[in-house]
Structure formats: C-alpha cells, structure tokens
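# Working through the structure, step by step
Single-letter residue listing:
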Amino acid sequence: MKRMSVALVVAGLLSVAIPSGAVHAAPESKSLDSVVKAIKKQFAKKSSVRFSVKRRGGPPAVWDIKASGVYRFRASGVYAADTTTISQEVGGTGRSREISIGREFYSQAYVRAEDGKYIWKSPSTVGKWSYGRNFAGVIWGEDLINGINPGFLKLGASHGATSADGGTFEGVKTTLHSGTVTVPELGMRQAGMFFGTEEEGGSWHGPITWKLWVGPDNLPRRFHTIMRFTTEDGEADTMTMNIIYRGWGKPVKITAPPKHLITDEW
C-alpha cells in the first residue's frame, strides 16, 4: 500500500465525497475579508500562482511528501493544476506528476530503487499517462486546507482569527493571520488535505492550528498548519504542512499530455 501512495489510484484519494455543512462558531473576523477578496479577484481574472508544499507526519507515514507545481484559476476557484510530488517509499523514492484540467485527470508515477531500477510503475510503460474523468477526490473544493481556499479562510475567520505584523518573507512585508479551529473530520485526497464540518463517519477529527502570511496586496505568501488527527479512541497523530506561494499572476500553461501517450491503464 505504501507504493500505491505514489500512484494516486487508491479509491479513497480519487473518489472520496466532498463534505458539506458548517461548523457553528462566533461571528466572522473582518481581518480576513480583504484576503478573501484579493484571492477571489485573482480567480475572476483567471490568474495563476506557483506553489511548493512540504508535509510531514499524520496517521500513515506515506503522507510525508514534497510537492511543487502551479494552479490556474477561474471564477469558481482552482480550475487546473500541474503537480510533481516526491515521497520516500519502501525500497526507493517515489515520484509522480498529476495534471488536472476541469474534470480531466492525467497521472504518471513510479518508485525507483537506489540502483535506478523501477520497483513499480503506473502506467506500466514509462512516459505514458493514465487518464480518468470525474474523480471527486481530484476536484478542488471549499473543504481543502489551503491558504488560497476562501472556504477554509472563512472557517478560520469564524473561529477567532487574529492578525499581527508578520515581518518580512522573501523580501516582502507581511501581515500574519492565525487561529485554531477544531473540525469533526480530517482527511486526505489527491487534491490535498481536507476538513469536514459535519460528522461524516470519517476516521479522524481534531484541531487545525494555522498561520497565513499575506503581502501588502493581501495575497498569500506562506501557509503553515499543524493538524492533530484524533480517533474516537483518543489516539492522536500530528501533521505539519507548509505551503509557499510565488509568482501571482505570472503567465503559465497547463495542458493535457499528447494523445498518443494517454492510456486508461492504472
């Protein structure tokens, strides 16, 4: 199962239902309003942003990853993504690349040993791309734990978020927004870590402690979270996640692989 983490073909990652509902909380903080507006303005402009992610810990160790890529937007949010992920797997290093455009999804992944031999590949021919459509776990949603997700920022604002001078990050003066919110469901799917605001029968629940650094334009520069995955038995595992955002609005292209390289093999 460890190797399958790279393939992103596990049913729970690709087809998980997107939770809905709302956690009851205090009135929303106004301090994040300008951030949400700035992000939605980028959505409306069909803009883009590059990102890098480091994730460590969590219930299964296979969730440790380093990833980088780019998001393209439309009015409703993230429309397309091109992501490369590196992970340490049993016997070698895993590498995957996933492209999602609307409801279309393309993936190629492998695990290689230190001697360069392939331990596992998906699809079985290197250079080919697996193809699928309408995988709920791939689609961007308001339930993702991400500093550019208005759904998460609104949730954070409704649970006593605070603001302070964030110092300088990569040469830019920032404002630091932060807070903690406890949710009845925590989990992971291909699009990222997600939260549920109602009891959905998930395996984990717990607090999310988050920090978001934004620039003078109110656009996110860095997002850091500590998630405490707690079971009904009271056992808990901690995950830390750090996301860096760069190049807001710079032109990028996300395109599907050539047709002759696409296969329905998983």
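Let me sum up the structure you'll find in this document. In this text, all values refer to a predicted model and were calculated from it rather than measured experimentally.

### Points about the overall build of the protein
Each helix and strand in the protein was counted, giving four helices and 14 strands. Counting across all 266 residues of the protein, residues that qualify as buried make up 48%. In the protein, once contacts between residues fewer than 6 apart in sequence are set aside, the share between residues at least 24 apart is 60%. Approximately 12,800 Å² of the protein is accessible, and the part contributed by carbon and sulfur atoms is 51%.

### A short note on unusual backbone geometry
Glycine aside, negative phi is the norm for most residues, and most peptide bonds take the trans geometry. The omega torsion across Ser122 and Pro123 is 0°, close enough to zero to call that bond cis. With respect to the element layout, Pro123 can be found in the loop between strand E6 (118-122) and strand E7 (129-133). A positive phi angle, close to 55°, is found at Lys46, a residue other than glycine. Mapped onto the fold, Lys46 is located in the loop between helix H3 (33-44) and strand E1 (48-57). Note on Lys46: relative accessible area 55%, which makes it exposed. The backbone phi angle of Asn134 is positive, close to 60°, even though this residue is not glycine. For Asn134, the position within the fold is in the loop between E7 and helix H4 (150-157). Overall, the relative accessible area of 43% leaves Asn134 in the partly exposed class.

### Here's the deal with the pairing of strand E13 (residues 236-246)
Successive side chains on a regular strand alternate, one facing one side of the sheet and the next facing the other. Pairing of E1 with E13, which is carried by eight bridges, proceeds in the antiparallel orientation. By the bridge assignment for E13, Ser52 is matched with Ile244. The pairing of strand E12 (residues 220-230) with E13 spans nine bridges and is antiparallel. Bridging from a neighbouring strand, Thr230 pairs with Ala236 of E13.

### Remarks on the packing of aromatic side chains
The tally for this structure, following the rule as stated, stands at 13 aromatic pairs. Measuring from ring centre to ring centre gives 5.7 Å for Phe152 and Phe223, while their planes differ by 80°; the resulting arrangement is edge-to-face. One end of the pair, Phe152, is in helix H4; the other, Phe223, is in strand E12, with 71 residues separating them in the sequence. Each of the two residues, Phe152 as well as Phe223, counts as buried.

### Let's talk about the nonpolar core
One recurring pattern in soluble globular proteins is that nonpolar side chains are buried together. Residues Tyr71, Ile145, Ile148, Met193, Ile208 and Phe223 are the most contacted members of the largest nonpolar core, which totals 45 residues. In terms of residue count, H3 provides more of this core than any other element does, five residues in total. Discounting chain neighbours no more than four positions away, the residues touching Ile148 are Ile39, Phe43, Val49, Tyr71, Phe73, Val78, Trp140, Pro220, Tyr245 and Trp248. Counting residues in hydrophobic clusters, the runner-up holds eight residues, among them Val70, Ala80, Ile99 and Val252.

### With respect to the pattern of salt bridges
Scanning all chains against the criterion turns up six salt bridges. Its salt-bridge partner being Arg56, residue Asp64 comes within 3.9 Å of it at the nearest N-O pair. By relative accessible area, which is 25% here, Asp64 ends up partly exposed. Put simply, Glu170 and Arg246 hold a salt bridge, and the shortest N to O gap is 2.4 Å. On the criterion of sequence distance, the pair formed by Glu170 in the loop between strand E8 (162-169) and strand E9 (172-189) and Arg246 in strand E13 is long-range, its members being 76 residues apart.

### Some points on the side chain of Asn146
Considering the arrangement of structural elements, one finds Asn146 in the loop between E7 and H4. Apart from residues lying up to four places away in sequence, Asn146 is in contact with Tyr71, Trp140, Phe152, Phe223, Ile243 and Tyr245.

### Examining the packing of H3 against H4
Two elements in contact, H3 and H4, have axes separated by 10 Å at closest approach and are oriented at 170°. Considering the angle they form, H3 stands roughly antiparallel to H4. Of the residues in H4, those in contact with Val35, Val36, Ile39, Lys40 and Phe43 of H3 are Pro150, Leu153 and Lys154. Looking at side-chain class alone, the contact of H3 with H4 contains six nonpolar, no polar and two charged residues.

Conventions and cut-offs
Residues numbered from 1 in each chain as written. Predicted model: local features only at pLDDT ≥ 70, side-chain atom pairs only at ≥ 80, totals over all residues. Heavy atoms only, no water. Helix = DSSP H or I, 4+ residues; strand = E, 2+ residues; numbered from the N terminus. Buried < 20%, exposed > 50% of the residue type's maximum accessible area, 1.4 Å probe, protein only. Contact = heavy atoms within 4.5 Å. Areas by Shrake-Rupley, 256 points an atom, 1.4 Å probe, with all protein chains shown as cover. Pairing = 2+ DSSP bridges. Phe/Tyr/Trp six-rings, centres within 6.5 Å; stacked < 30°, edge-to-face > 60°. Core = buried A, V, L, I, M, F, W, Y, C linked by side-chain atoms within 4.5 Å. Salt bridge = Lys/Arg side-chain N within 4 Å of Asp/Glu carboxyl O. Axes fitted to C-alpha atoms, helices over the stretch in contact; angles between N-to-C directions. Parallel < 35°, antiparallel > 145°, perpendicular 65-115°, else oblique. Nonpolar A, V, L, I, M, F, W, Y, C, P; charged D, E, K, R; others polar.

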